[in-house]
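What follows is each chain in one-letter form.
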Amino acid sequence: MLNKSPLWKSLLVLFVVAFGALYASPNLYGEDPAVQVSGLRGVEADAATLDNVRAQLEQDKIDFASIALEKGQVLVRFHDTESQLKGRDLLDENLGNQFSVALNLTPATPEWLADIGGTPMKLGLDLSGGVSFLMEVNMNEAIIKAKEAMVGDFRNDLRGEKIRYRSVKEGAKGINIQFRNVEDLAKAKSLLKKRYRDLLLVDNEDTLMLTASMTEQKLKETREYALQQNITIIRNRVNELGVAEPLVQRQGQKHIVIELPGVQDTARAKEILNATATIEFRMVDTEGDLANALNGRVPGSSELLYDRDGKPTLLKKRVMLTGDHIVDAGSSFDEYSRPQVNITLDSPGGSKFSNATKNNIGKPMATVFIEYKATDKLDPQGNTVFEKIEEVISVATIQARLGKSFRITGAGSQAEAHNLALLLRAGALIAPIQIVEERTVGPTLGAENVQLGFQAIMMGFGLVFIFMMIYYRAFGVVANLALGANLVLIVGVMSMIPGATLTLPGMAGIVLTVGMAVDANVLIFERIREEMRQGKSVQQAIHQGYDAAFSTILDANITTLIAALILFAVGTGPIKGFAVTLSIGIVTSMFTAVVGTRTVVNAVWGGKRLEKLSI
Amino acid sequence: MQILRLKETVNFMAFRKVAMVFSIVLMISAISLLMVKKLNFGLDFTGGTLIEVGFEEAADLTKIRQVLDSNGFEDGVVQLYGSSRDIVIRLAQREDVKAEMLGNQVLSILQQSTDKNIDMRRIEFVGASVGEELTEQGGLAMLTALICILVYVAFRFEWRFALGSVVALFHDVLLTLGLFALLGLEFDLTVLAAILAVIGYSLNDTIVVSDRIRENFRKIREGGPAEVINISLTQTLSRTFITSITTLLVLAALFFKGGALIHGFATALLFGVFVGTYSSIYVASAVALALGISKEDLIPEVIEKEGAEQEQMMP
């Protein structure tokens, strides 16, 4: 029979709409004020931390809604912002400097809904407030550093194999090694060829020169490594901020995008990203009296520093080596399975260190961790005051003369060794990074944007609803149902897709989808009217109307979808936000406007003898 | 209820020469405007710093300008933004000061000399190189979109329709850009998004019309191409109107209620919907006609299709 939907089709429509509504529902619950406690420098929050936090809060009678351990962080939800702030202050004070305590807004989605993957839509910076940075990695610097390292390596290699050379210098085409005779040149070439497969070696027997240059492949790898290293460092630093959904992502060949939604203290965010950490090696002052020093009588050439547990050490002021000379650092285990940090120095650093350690064999040397952290204070010029934090991380006895590569132990856990290695590399970044773009949206503006966008959507919907109802009467109501379902589906899909973020242009995209989704119904309804005018029966007109309009709708929507997908692929920022909702909107509106309305129309009007239609 | 009820076929194509001259004049004016007045590119494209602040009471623009001038920010553009209490300040890129400091500097100057309680709403700074990349990317996005559309329409319909619709798109984009140059409105990333939406909308319209023309070429035996196009346009006219009305309603909501941030977006689209509707009739169809679209181009499929339809209609 004409215009009867099979049961499965009606059920499918019902199911899809219900499913969409279910996953759209987390957006109704809003967010809880929360405090997030996360470990610093490799310490992870664990069950003990959780108990500690709970005990602290209960002791001070601060009312909280729930407390949980999630992904190595303790999350405490509160009923109101007042107790949230109190809780933050209390925890910040008592947990010491091994944990960072950050304010946070956490979705208040009920547990059963969260268990089936229900999450609210992510809001873009323009809607949630927050800050976004675009950082550029200085690739030239990365290449220069790599070349400098190569010069040193070559010298060592040639010396090690006792091949005599006149000089190793950076030249226009690469690194030039000058020899005295052809035999040395040939020996050196075969040696270097064996050791560096990714270098291009060109020899010239007339000038007795060997030129080594980086292949395209090697250059690419160097750049890639610099970018990856910077991303890792920034991720680590961002974690300290306790942002709910931070984004650190590479963009193109040399840029890194960092988005911190909901961050209100942007100055602090910037400072943490720009923070520098490094290490210094200093000799322990063994002659000075520690007890005297603790009483305030520190020898002039020494100073008193503490380690993490508060144990004091008296150190010489003179620095043997700074972190600038570190070209690489990694973590591993020593023969007793203790975590250790392997450090590689550049050539000047290597010879400096070698000289410094030569005369101090058998004496204790300390590794000092130095970090510049921003404080809340401002100097008279309005600039943030940085606090220099110095911490002794290890004291080791120098066993032998140390050269270009060596290792330090005493870093604690493996995670800590790993993090220290990371920070060491960061302390002497292979390639410096620089903020090239910054966008900050104040929280009030964000909230205002949400409100305005929501109002615009509601008003647009309302106007279209009224118009359709007047113009198409009963069929207008069906179209309106489809529009409502469409909105629910867009929100549902946006909430389900992990990468989708709602932005202000995205809201505009939804509004536009509404305007255009109506088009599908207009096409169908006009076609039905046309068919009826030509004298077709009601059922036939409905059937023909849907049939004839379908190919038009398909063509029009597919072309728009192509445009939207290209925008998504090529665009950034607002264009991408717009493209996301537009593409989703096109697909959902096709479904609701064509399949959805057909089901309703069939259920209400289908299979009956009708003389007239309310259209 | 019905707005349009046309008994007679409207002879749209009779005016196509007038329309063509009209369109060409408009396009030439748009091009000259773009060359002479140029687009007022926003921060996204030029690089520089933008600061949006909210005052507690109505902001005194003259005073803000003076304060900025006396502090060495003579190039600052100060504008009200959305309400009398919100202002934006745009500063060009400068070489001696790091961009990241600039925004904070201006903010603290304002806080010291005008109103302590001004609230930072938005700071953006964009490097010039980033802007350059964006201009390239934006152009690339448009070009790729146009080519893909051309290919799809040529594949689904016919090359004359494809060319017609792409000429129509080009026409719409050009006129919208021309309007922005004429009124000196700021052209930022959201406007670019709107232009792309105009492409989407205009395309939607063009496809609907082309689809009907194709259908009628196959169905109607008598009458020349111009007449078939006229019949098709008349048949789709009421749909064109209603869709434009609903879209305009929604856009009006955006324009008046959406806030300052998407004002440019709404303006571009409002205008785009008008030109888009016009161009699907007088540019896309007229170009296809001028290129000599005829029954024969679409007829081979007809017999097959008609047979199929008959079968389908049998109960």
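Note that this is a predicted model, so its numbers are computed, not measured.

**Quick word on the overall build of chain B**
Working step 1: Of the regular secondary structure elements, chain B holds eleven helices and six strands.
Working step 2: Since a compact globule built from 315 residues should have a radius of gyration of about 20 Å, the 25 Å found for chain B marks it as more spread out than a globular shape.
Working step 3: Overall, chain B is about 80 × 45 × 40 Å in size when its C-alpha atoms are taken along their principal axes.
Working step 4: For chain B, the residues scored as buried account for 53% of the 315 residues in total.
Working step 5: For chain B, restricting intrachain contacts to residue pairs at least 6 apart in sequence, the fraction spanning at least 24 positions comes to 78%.
Working step 6: When the accessible surface of chain B is totalled, it reaches about 14,300 Å², and 61% of it is carbon and sulfur.
Working step 7: Computing the positive centroid from 26 side-chain charges and the negative centroid from 35, chain B places the two 7 Å apart.

**Some remarks on the pattern of salt bridges**
Working step 1: With the rule as written, the count across this model stands at 31 salt bridges over all chains.
Working step 2: One salt bridge connects A:Asp198 with A:Lys218, and the closest N-O pair in it is separated by 3.7 Å. Taken together, the residues span a long stretch of sequence, with A:Asp198 in the loop between helix 7 (182-195) and strand 9 (199-204) and A:Lys218 in helix 8 (residues 216-239) at a distance of 20 residues.
Working step 3: Taking the shortest distance from any N to any O, the salt bridge between B:Arg122 and B:Glu124 comes out at 2.9 Å.
Working step 4: The buried category is assigned to B:Arg122, whose relative accessible area is 8%.

**Digging into the domain arrangement of chain A**
Working step 1: Its domain assignment divides chain A into domain 1 (7-26 + 442-605), domain 2 (31-107), domain 3 (136-252) and domain 4 (276-428).
Working step 2: Relative to domain 3 of chain A, the C-alpha centre of domain 1 of chain A lies at a distance of 56 Å.

**What about the UniProt feature "transmembrane region" (unreviewed entry) in chain B?**
Working step 1: UniProt annotation of "transmembrane region" (unreviewed entry) refers to residues 12-36, 138-155, 162-183, 189-209, 241-262 and 268-291 of chain B when read in the numbering used here.
Working step 2: Helix makes up 100% of residues 162-183 of chain B and strand 0%, and the two end C-alpha atoms of the span are 32 Å apart.

**Some points on the packing of helix 5 (residues 128-156) of chain B against helix 6 (residues 159-183) of chain B**
When two helices pack together, their arrangement is captured by the angle between the axes and the distance separating the axes.
Residue and element names in this part refer to chain B.
Working step 1: Between helix 5 and helix 6, the least distance of the axes is 7 Å, while the angle of their chain directions is 155°. It follows from the interaxial angle that helix 5 and helix 6 lie roughly antiparallel. Helix 6 is crossed by helix 5, and the crossing has right-handed handedness. Across the interface between the two elements, Met142, Leu146, Ile149, Leu150, Val153 and Ala154 of helix 5 pack against Trp159, Phe161, Ala162, Leu163, Ser165, Val166, Leu169 and Val173 of helix 6.
Working step 2: Classifying every residue of the contact of helix 5 with helix 6 by side-chain character gives 13 nonpolar, one polar and no charged.

**Brief notes about the domain arrangement of chain B**
Residue and element names in this part refer to chain B.
Working step 1: Per the domain assignment, the segments of chain B are domain 1 (2-40 + 130-298) and domain 2 (48-126).
Working step 2: Just the C-alpha atoms count here: the centres of domain 1 and domain 2 sit 40 Å apart.
Working step 3: Facing the six residues of domain 1 at the interface are five residues of domain 2.
Working step 4: On the domain 1 side of the interface with domain 2, the three residues burying the most area are Glu186, Ala260 and Leu261, jointly 74% of the side's total.
Working step 5: There are one salt bridge connecting domain 1 and domain 2.
Working step 6: Across the salt bridge formed by arginine 90 and glutamate 186, the nearest N and O atoms sit 2.9 Å from each other.
Working step 7: Looking at the side of domain 1 that touches domain 2 residue by residue, the classes come out as three nonpolar, two polar and one charged.

**Quick look at helix 1 (residues 16-36) of chain B**
Working step 1: Over its 21 residues, helix 1 of chain B runs 30 Å from end to end, which matches the ideal 30 Å to within 8%, given 1.5 Å per residue.
Working step 2: In this structure, the buried residues of helix 1 of chain B make contact with helix 6 and helix 9 (263-290) of chain B.

**Looking at the interface of chain A and chain B**
Frequently, the measure chosen for interface size is the accessible area that the parts lose on association.
Working step 1: Between chain A and chain B, the residue contacts involve 66 residues of the former and 71 residues of the latter.
Working step 2: Carbon and sulfur atoms make up 64% of the area that chain A and chain B hide from each other, which totals about 6,100 Å².
Working step 3: Counting across the chain A and chain B interface gives eight salt bridges.
Working step 4: Measuring nitrogen to oxygen at the nearest pair gives 2.7 Å for the salt bridge that ties A:Glu448 to B:Arg121.
Working step 5: Across the chain A-chain B interface, the total number found is 16 residue pairs in polar contact (both at pLDDT 80 or more).
Working step 6: At the level of secondary structure, the elements contributing two or more residues to the side of chain A that touches chain B comprise strand 6 (130-137), helix 9 (266-274), strand 21 (433-441), helix 13 (443-496), helix 14 (504-533), helix 15 (538-570) and helix 16 (573-605) of chain A.
Working step 7: Considered class by class, the residues forming the side of chain A that touches chain B number 35 nonpolar, 16 polar and 15 charged.
Working step 8: In terms of strand pairing, strand 21 of chain A meets strand 5 (residues 119-126) of chain B through five bridges, oriented antiparallel. Paired with A:Val441 across the strands is B:Arg122, a residue of strand 5 of chain B.

**Comments concerning the sheet that holds strand 2 (residues 66-70) of chain A**
Residues and elements named next belong to chain A.
Working step 1: Pairing is antiparallel across the open sheet formed by four strands, whose spatial order is 2-3-1-4. Edge positions in the sheet fall to strand 2 and strand 4 (99-107), since each of these pairs with one other strand and no more. In this sheet, neighbouring strand axes are inclined to one another by 25° on average, regardless of whether the strands run parallel or antiparallel.
Working step 2: Strand direction decides the pairing type here: strand 2 and strand 3 (residues 73-77), joined by five bridges, are antiparallel. Residue leucine 69 lies in a different strand from strand 3, and its bridge partner there is valine 74.
Working step 3: Where helix 2 (residues 47-59) meets the sheet, its contacts fall on strand 1 (31-39), strand 2, strand 3 and strand 4, and the angle it forms with strand 2 comes to roughly 160°.

Cut-offs used in this document
Counting from 1, residues in each chain are numbered in the order their sequence is written. Both sets of labels track the order of writing: A upward for chains, 1 upward for ligands. Reporting in this predicted model follows two pLDDT cut-offs: at least 70 for local features of residues, and 80 or more for side-chain atom pairs to be given and counted; totals over whole chains, interfaces and linings ignore these cut-offs and use all residues. Note: side-chain values were computed over all heavy atoms of the structure, leaving out hydrogens and water. Working definition: helices are DSSP H or I runs of at least four residues, strands are E runs of at least two. Numbering for both runs from the N terminus. This radius of gyration counts C-alpha atoms alone. The globule rule is 2.2 Å times how many residues there are, raised to the power 0.38. To sort residues, take the accessible area from a 1.4 Å probe on protein chains only and compare it with the maximum for the residue type: under 20% means buried, over 50% means exposed, and anything in between is partly exposed. Residue contacts are counted whenever heavy atoms from the two residues lie within 4.5 Å of one another. In these tables, accessible area is a Shrake-Rupley quantity obtained with a 1.4 Å probe, and a residue counts as shielded only by the protein chains included in the view. In this tally, Asp and Glu contribute negative charge and Lys and Arg positive charge; neither His nor the terminal groups of the chain are included. To locate a charge, take NZ of a lysine, CZ of an arginine, CG of an aspartate or CD of a glutamate. Counted as salt bridges are all cases of a side-chain nitrogen of Lys or Arg within 4 Å of a carboxyl oxygen of Asp or Glu. Boundaries of every domain are those given by an automatic assignment or by a domain database. UniProt positions are given in the numbering used here, feature names are shortened, and annotations may be inferred rather than shown by experiment. Between N-to-C directions, angles cover 0 to 180 degrees, with each direction set by a line fitted to C-alpha atoms, over the stretch in contact for helices. Angle categories are assigned with fixed cut-offs, so that under 35 degrees is roughly parallel, over 145 is roughly antiparallel, 65 to 115 is roughly perpendicular, and the rest are oblique. Each crossing is labelled by how the near helix is turned from the far one, with a counterclockwise turn of less than a right angle marking it left-handed and a clockwise turn marking it right-handed. Nonpolar residues are Ala, Val, Leu, Ile, Met, Phe, Trp, Tyr, Cys and Pro. Charged residues are Asp, Glu, Lys and Arg, and all others, Gly as well, are polar. By convention, the term buried area covers the 1.4 Å-probe accessible surface removed from two parts as they join, with the contributions of both added. To estimate how far a helix should reach, multiply one less than its number of residues by 1.5 Å. Whenever two N or O atoms come within 3.5 Å, that pair is a polar contact, provided that in protein one can donate a hydrogen and the other can accept it, and provided that, for residues adjacent in sequence, both atoms are side-chain atoms. At least two DSSP bridges between two strands are required for those strands to pair.

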